[in-house]
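# Structural description and commentary
Chain by chain, the residues:
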Amino acid sequence: MRKAIVRYYQKTDKFLWLLCFLAAGISLVLLYGILQSGYNAYLDISNRNLLVQAAAFGLGAVGAVVISLIDYNFVKKLWYLHSAAVYGLVLLTFFIGVGVAERADDKRWLVIPLININLQPAELLKLSFILTFALHISKLEENLNRLSSILTLVAHAAIPVLLIHFQGDDGSALLIAGIAVTMLFFAGIRWYYIAGAAAMAAVATPFLWMYVINDFQKTRILTLIHQATADPLGDYYQQYQAKVAIAMGGATGVGLTNTKHIYVPEMHNDFIFSFLCESFGLMGALGVLLLMTAICLKLLYNSSLADDKYGACVCVGVFAMFAFQIIINIGMNLSLLPVIGNTFPFLSYGGTSAATSFLAFGLALSIYMRRKSDLFFD
């Protein structure tokens, strides 16, 4: 056992492990600070949530080790098993799903009996989609830019996007679409397909506004456009409070356990970035952004070390998942994007999200440890 541990330590991506553990540690520190802020009753969180987050990180880290020890080529062959499992869980939410967020019109969680913990299947669907989409791209090879190939790839991506949209989780739907576009761009899709898709999206915007986007979402978008005149006690309340909290942080912050923190709804989840900025200021926020940038760049670098196109695409998919989550989440906190329910990877509270971040990291590790220059299994 000792030799196996030493060998794993020698072969694994120690720098990426360090970065991810740092991010997880910052999450626990921020959650502790929120618990000390005195808003527990309003946020409906307690010490139990801190323990759940720590346990999710622990289970996710163990899962990452297990996944990294499995040859990703073997996992590639089991695409139908994990796809059936996660799609089945997502479909269950249409029948027995629950919503936990205030004013939420979605039912994206499943309650696990006995332990009374919520599971968000859409988080697992992201990982399954990365694996199956990477497999789809790798099988096309030189036929990637044929129109028939592009249409099948679009259909592949549209299935989870539409399913999650109808579930009510447009944040995850948008994220999966972003992952698909990034993976296609990396795979070498021709520019005119991207330009054509952008043109079609522009043409479809009025239709989407009239028939797809619901009234609640329209209100959020219009509030953001007219935020200068928006009611800070009405629909703009959450983002207004986040901006005030960020401004209060200044350069160095007001401190982690300061009992006079600005109250922001969901400050432990989607708006944890505002609490970070208020607690540690601009310097703390830049430090965390530097950490997240390092994780994303390391994932991109690891894609260049992959043994094949499939492995490289998986690494790029994981990179895109983290990068888009960070961009969308910060955009919401700064009132640059409407609130669409997107967590900050590693930092935001959420057992499924925390564990999924480590599991995604495990996929990238599996590919890194079997790179051409230094195979893990001789």
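About the thresholds
Residues numbered from 1 in each chain as written. Predicted model: local features only at pLDDT ≥ 70, side-chain atom pairs only at ≥ 80, totals over all residues. Heavy atoms only, no water. Phe/Tyr/Trp six-rings, centres within 6.5 Å; stacked < 30°, edge-to-face > 60°. Buried < 20%, exposed > 50% of the residue type's maximum accessible area, 1.4 Å probe, protein only. Helix = DSSP H or I, 4+ residues; strand = E, 2+ residues; numbered from the N terminus. Expected span 1.5 Å × (residues − 1). Lys, Arg positive; Asp, Glu negative; His and termini not counted. Salt bridge = Lys/Arg side-chain N within 4 Å of Asp/Glu carboxyl O. Polar contact = N/O pair within 3.5 Å; in protein donor to acceptor, adjacent residues only side chain to side chain.

## Points about the packing of aromatic side chains
The tally for this structure, following the rule as stated, stands at 19 aromatic pairs. Each ring, one from tryptophan 191 and one from tyrosine 192, has its centre 5.9 Å from the other, and the planes form 75°; the classification is edge-to-face. On the accessibility criterion, tryptophan 191 (65% relative accessible area) is exposed. Ring geometry for phenylalanine 358 against phenylalanine 361: centres 6.1 Å apart, planes inclined by 70°, an arrangement best described as edge-to-face.

## Observations concerning helix H9 (residues 170–187)
Helix length check: H9, at 18 residues, gives a terminal C-alpha distance of 26 Å against a target of 26 Å (1.5 Å per residue), a fit within 8%. Judged by how many residues are buried, H9 sits mostly within the fold: 13 of 18 residues are covered. Taken from the residues just after H9, glycine 188 is the one with a positive phi, measuring 105°.

## With respect to unusual backbone geometry
Of note in the backbone geometry, glutamate 141 takes a positive phi value of approximately 50° without being a glycine. Looking at the secondary structure, you find glutamate 141 in the loop between helix H7 (121–140) and helix H8 (147–167). Although it is not a glycine, phenylalanine 346 adopts a positive phi angle of roughly 70°. Tracing the chain through its elements places phenylalanine 346 in the loop between helix H14 (309–333) and helix H15 (351–368). Taking relative accessible area as the criterion, phenylalanine 346 reaches 1% and is therefore assigned buried.

## Structural notes on the side chain of glutamate 278
The residue glutamate 278 is located in helix H13 (residues 272–304) in this model. Here glutamate 278 occupies a buried position and makes no salt bridge, while the nearest side chain of opposite charge, lysine 260, is found at 11 Å. Side-chain polar atoms of glutamate 278 contact the side chain of histidine 261, separated by 3.2 Å.

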